[in-house]
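So the chains spell out like this:
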Amino acid sequence: MSRRLRFIVGAAVLLASLRLPFCLQAQSLREVAAIDLPGPKGQRFDYLTRDDEDHYLLSAHLGPGLLYVIDVQTNKVIKTIPGVPGITGLECVPGMRKIYTSNWGEEKIGVVNLHSMSVIKRLPTAAKANGSVYAPPFRKVYVADTLGNAVAVVDVEKDEIVKTLKFNSEAGMPQYDSVARRIYVNLRVPMRWLKSIQRLTRSPESTRSGDASTTTAWPLIRNTIGPSSFAAGAGR
Amino acid sequence: MTVFALDSHRAISHLPLAQGADVIKFDPGLVRAYAACSSGVIAIYQEDDPDHFRKVKDFPVQKVHSLAVDTGSHRIYAPEQEENGTPIARMIVYEPIQSR
């Protein structure tokens, strides 16, 4: 084998050994730990988020209204923070050691300080505060108020809602696109509208057979609520 | 599960998803996505390149709604409220393994 060919084969083997463990070999999961949580059993959990600076995992226990702070280096619960009724979404702001919680049970956005491990402020908002996202360049957290058909814009320096964006539809989980510097919000049609549209668009065949899955409503709805339904410039 | 390209604003891949899917997270180090499904699986997807994705498997778990990925350790965290019908309050930790 020539030196050139040996070099090419060697490089190929090296590249394969670097790539294989990540994309081809690691293809399943195994349970490595189970962390018992101190809240009541059998009640619903919701979103999770990470605080990479402190190596914390933050977990929303919606049912009892608790926020767990878990150290992922030790897999221990280091604090259970009460006073976040109906907590759904939660978002960490790096560098400020603050968590913004969507408290469905009191229709407020909670501000949790990770120094004191307590709720330091509550911001009244529209109905069912839910998923949220932080846009670092704008220093703002965007909170979807699902049943209020709105997104609340929270200034993390002032801990105040500086703007509320209103829509004609329920607002789903927002996401931040750091390249385009935009916030994307899923606008979803309320279930009562879905039922009305299904009734109006059910084909004669499906009506006869009683098979609702063959109605023409679903393609219509899918076209209406795609991920690009709304894109607002962050911070505006 | 739909992959939506932010630069072209197009859906570029549609893959099967188990029932009751809720939160989905991406691990950029492993270029893998995980979806928590209340039907009792974590659905695993692999990005082969930015335009090509495939479903790896439905990994069986208890009923889950949400999960988080530690992008440093590549571990996955998923809270569970019941185990085979028995009420619990527990955070389960998973890590990727090689499949044979």
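By convention here, each chain's residues receive numbers from 1 onward along its written sequence. Lettering of chains starts at A and numbering of ligands starts at 1, both following the order in which they are written. Where totals are concerned, whole chains, interfaces and linings use all residues; where local detail is concerned, this predicted model gives features only for residues with pLDDT of at least 70, and gives and counts side-chain atom pairs only at 80 or more.

(A) Seen up close, the overall build of chain B. When you go through chain B residue by residue, the secondary structure sums to 0 helices and 9 strands. Of the regular secondary structure in chain B, the N- to C-terminal order runs β-β-β-β-β-β-β-β-β. In this description the radius of gyration comes from C-alpha coordinates, and the expected globular size is given by 2.2 Å times residues to the power 0.38. For a compact globule of 100 residues, the expected C-alpha radius of gyration is about 13 Å, and chain B comes in at 14 Å, within 12% of that figure. The principal-axis extents of the C-alpha atoms in chain B amount to approximately 45 × 25 × 25 Å. Residue burial in chain B is summarised as follows: out of 100 residues, 32% are buried. Long-range pairs, those at least 24 residues apart, make up 30% of the contacts in chain B with a sequence separation of at least 6. Put simply, DSSP H or I for four residues or longer makes a helix, DSSP E for two residues or longer makes a strand, and each gets a number counted from the N terminus. Exposure classification rests on a simple neighbour count of other C-beta atoms within 10 Å of a residue's own: a residue reaching 20 or more is buried, one at 12 or fewer is exposed, and one in between is partly exposed. C-beta atoms are placed from the backbone. The contact criterion used is a C-beta to C-beta distance within 7 Å, with each C-beta placed from the backbone.

(B) Geometry of the environment of threonine 88 of chain A. Among the structural elements, threonine 88 of chain A can be located in strand S6 (residues 87-93). Once you skip the residues sitting within four places of it in the chain, threonine 88 of chain A turns out to touch Asp46, Tyr47, Ala60, Leu62, Ser102, Trp104, Ala129 and Asn130 of chain A.

(C) Inspection of the sheet that holds strand S11 (residues 140-145) of chain A at higher detail. Residue and element names in this part refer to chain A. Strand pairing follows a simple DSSP-based rule, namely that at least 2 bridges must link the two strands. Read from one edge of the open sheet, 4 strands run S10-S11-S12-S13, paired in antiparallel fashion. For this open sheet the edge positions go to strand S10 (129-135) and strand S13 (160-166), each flanked by a neighbour on one side alone. Across this sheet, the average inter-strand angle for adjacent strands is 25 degrees, counted without regard to direction. Pairing analysis gives 5 bridges linking S10 to S11, with the strands arranged antiparallel. Among the inter-strand pairings, serine 132 is bridged to a residue of S11, identified as valine 143. Structural elements are reduced to axes, namely lines fitted to C-alpha atoms, with helices fitted over the stretch in contact, and the angle between N-to-C directions of any two is expressed from 0 to 180 degrees.

(D) Fine view of the confidence of the model for chain A. Residues and elements named next belong to chain A. Each residue carries a pLDDT score, the predictor's own confidence in it, on a scale running from 0 to 100. The share of residues in chain A with pLDDT of 70 or more is 69%, and the mean pLDDT across the chain is 80. Between residues 11-25, whose pLDDT stays under 50, and residues either more than four places distant or in other chains, the model counts 7 contacts. Note that pLDDT drops below 50 for residues 204-236; the model gives that stretch 52 contacts with residues more than four away or on any other chain.

(E) Spotlight on the sheet that holds strand S2 (residues 48-51) of chain A. Residues and elements named next belong to chain A. Taking strand neighbours across the sheet as the criterion, the 4 strands line up as S2-S3-S4-S5 in an open arrangement whose pairing is antiparallel. Strand pairing shows two members of the sheet lacking a second neighbour, S2 and strand S5 (76-81), which therefore form its edges. Strand-to-strand twist in this sheet, taken as the mean axis angle between neighbours without regard to direction, amounts to 25 degrees. Relative to strand S4 (residues 66-71), strand S3 (residues 56-61) is paired through 6 bridges, and the arrangement is antiparallel. Within S4, the position partnered with tyrosine 56 by the bridge is aspartate 71.

(F) A look at the interface of chain A and chain B. Chain A puts 37 residues into the contact, and the matching count from chain B is 35 residues. Of all the elements in the fold, those that place two or more residues in the side of chain A that touches chain B are helix H1 (3-25), strand S1 (26-36), S2 and S3 of chain A. Among the elements that line the side of chain A that touches chain B, the one with the most residues is S1 of chain A, at 11 residues. Charged residues are taken to be Asp, Glu, Lys and Arg, nonpolar residues to be Ala, Val, Leu, Ile, Met, Phe, Trp, Tyr, Cys and Pro, and polar residues to be all remaining types, Gly included. Residue classes in the side of chain A that touches chain B are distributed as 19 nonpolar, 10 polar and 8 charged.

(G) Inspection of the pairing of strand S12 (residues 150-155) of chain A at higher detail. All names here are of chain A. Of all the 6 residues making up S12, 5 are buried; the element is thus mostly covered by neighbouring parts of the structure. Bridging between S11 and S12 involves 6 bridges; their strand directions are antiparallel. Counted as the bridge partner of aspartate 145 is alanine 150 from S12. Counting the residues that bridge the hairpin from S11 to S12 gives 4 residues, and of these asparagine 149 lies at a positive phi of roughly 55 degrees. Taking the residues between adjacent antiparallel strands as the criterion, S12 and S13 are bridged by 4 residues, where aspartate 159 takes a positive phi near 55 degrees.

(H) Layout of the nonpolar core. Membership of the largest hydrophobic core comes to 73 residues, with the highest contact counts inside it found for Leu67 of chain A together with Ile42 and Leu67 of chain B. In this structure, leucine 67 of chain B is in contact with Leu48 of chain A together with Val23, Lys25, Tyr34, Ala36, Ile42, Ile76, Tyr77 and Ala78 of chain B, ignoring residues within four places of it in sequence. We define the nonpolar core as any set of buried residues of the types Ala, Val, Leu, Ile, Met, Phe, Trp, Tyr and Cys, connected via C-beta atoms lying within 7 Å of each other.

(I) Broad picture of the confidence of the model for chain B. Of the residues in chain B, 97% reach a pLDDT of 70 or more, and the chain-wide mean stands at 94. Least confident of the elements in chain B is strand S1 (residues 2-5) of chain B, whose mean pLDDT is 92; most confident is strand S7 (residues 68-69) of chain B, at 98.

(J) Region of interest: the environment of aspartate 177 of chain A. You can see aspartate 177 of chain A is positioned in strand S14 (residues 170-177). Classification of aspartate 177 of chain A as partly exposed rests on a count of 14 C-beta atoms within 10 Å. Residues aspartate 177 of chain A and glycine 42 of chain A, spaced 135 residues apart in sequence, show a C-alpha to C-alpha distance of 36 Å. When near neighbours in sequence (up to four residues on either side) are disregarded, aspartate 177 of chain A contacts Arg182 and Tyr184 of chain A together with Leu6 of chain B.

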